[in-house]
Amino acid sequence: MADEAMFEAPVTVALTGASGAQYGLRLIDCLVAARHQVLVLISKAAHMVIATETDESLPSNPERLSEALRERSGAAPGQIRCFAREDWMAPVASGSGAPSAMVICPCSTGTLSAVATGASNNLIERAADVALKERRQLILVPRETPFSAIHLEHMLTLTRMGAVILPAAPGFYHRPQTLDDMIDFIVARILNQLGIAHALMPRWGEAT
Ligand SMILES: Cc1cc2nc3c(=O)[nH]c(=O)nc-3n(C[C@H](O)[C@H](O)[C@H](O)COP(=O)(O)O)c2cc1C
């Protein structure tokens, strides 16, 4: 049993089936390095994307997934907790148990739509619905191109409700040399939003 007091505030991280699984996996690693507890939700489609885009194939069983993520990120026991698609008893499913911040990274247009309309048909959608109703921090990292009017309208709806739409659109002004540099560009923006210190890259106006 983990002593949760040894971790910084928990953050919910949901990976859905948009391209860019690397962003979500790197975010988990950075939160672990910053000593936060991470509550992880991974959709079925996200598992397919992870297998397609990375050399990793993560188990779907929540306990085995927690262990696999713990091993790859060097997390302490209990620092990463994974929950199944319909685990309605998970802390994230209720305002009384959910962390104060949730990031959906990457966010598919399907999940974007479900969150904007309050579908709550799986634990990711429910956790986001809880974040919205409780006026907590919700960051969505959509990836699609081009966007349809449906996608744009859902993003506008969500931003008006207080969610942050942080598209997976890395800049080039920091002269990225590697794929990791581009991934870190987005992850740094997410950590900035969460108010979590990092050394991934200097902020604009800071010396390099
Ligand atoms: C390899 C792969 C890449 C995909 N890329 C995207 C994408 O960039 N954006 C998107 O919205 N959907 C993408 N999809 C489709 C979603 O995975 C699909 O709509 C799925 O139903 C989303 O389910 P989820 O939101 O429950 O994860 C991709 C699917 C696969 C297999």
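Owing to the predicted nature of the structure, the values given are computational and were not obtained by experimental measurement. (Residues numbered from 1 in each chain as written. Predicted model: local features only at pLDDT ≥ 70, side-chain atom pairs only at ≥ 80, totals over all residues.)

Once that is clear, we can look at unusual backbone geometry. That bond from Cys-105 to Pro-106 is cis: its omega, -5 degrees, falls within 30 degrees of zero. For the bond running from Thr-145 to Pro-146, omega is -10 degrees, close enough to zero to count as cis. Residue placement: Pro-146 occurs in the loop between strand E5 (137–142) and helix H6 (149–160). Backbone geometry at Arg-135 places phi at a positive 55 degrees, although glycine is not the residue there. Here Arg-135 is to be found in the loop between helix H5 (123–133) and E5. (Helix = DSSP H or I, 4+ residues; strand = E, 2+ residues; numbered from the N terminus.)

The next point concerns the UniProt feature "binding site: FMN" (unreviewed entry) in the protein. Under the local residue numbering, the UniProt record ascribes the feature "binding site: FMN" (unreviewed entry) to Gly-17, Ala-18, Ser-19, Ser-43, Ser-108, Thr-109, Gly-110, Thr-111 and Arg-143. Looking at the element boundaries, Gly-17 is found in the loop between strand E1 (8–15) and helix H1 (21–33). When residues no more than four places from it in sequence are discounted, the contact partners of Gly-17 are Ser-43, Ala-45, Ala-46, Met-48, Val-49 and Ser-108. With respect to the helices and strands, the residue Gly-110 is situated in helix H4 (residues 109–117). (UniProt positions renumbered as here; feature names shortened; annotations may be inferred. Contact = placed C-beta atoms within 7 Å.)

This part takes up the pairing of E1. Counting buried residues in E1 gives six out of eight residues, a clear majority hidden from the surface. With six bridges joining them, E1 and strand E2 (residues 36–42) adopt parallel strand pairing. Bridge pairing in E2 links Thr-12 to Leu-39. Handedness of the crossover is the feature at issue here: the chain leaves E1, passes through H1, returns alongside E2, and the resulting connection is right-handed. Bridge count between E1 and strand E4 (residues 101–107): three bridges; the pairing is parallel. (Buried ≥ 20, exposed ≤ 12 C-beta atoms within 10 Å, placed from the backbone. Pairing = 2+ DSSP bridges. Right-handed = clockwise from strand over helix to strand, strands pointing away.)

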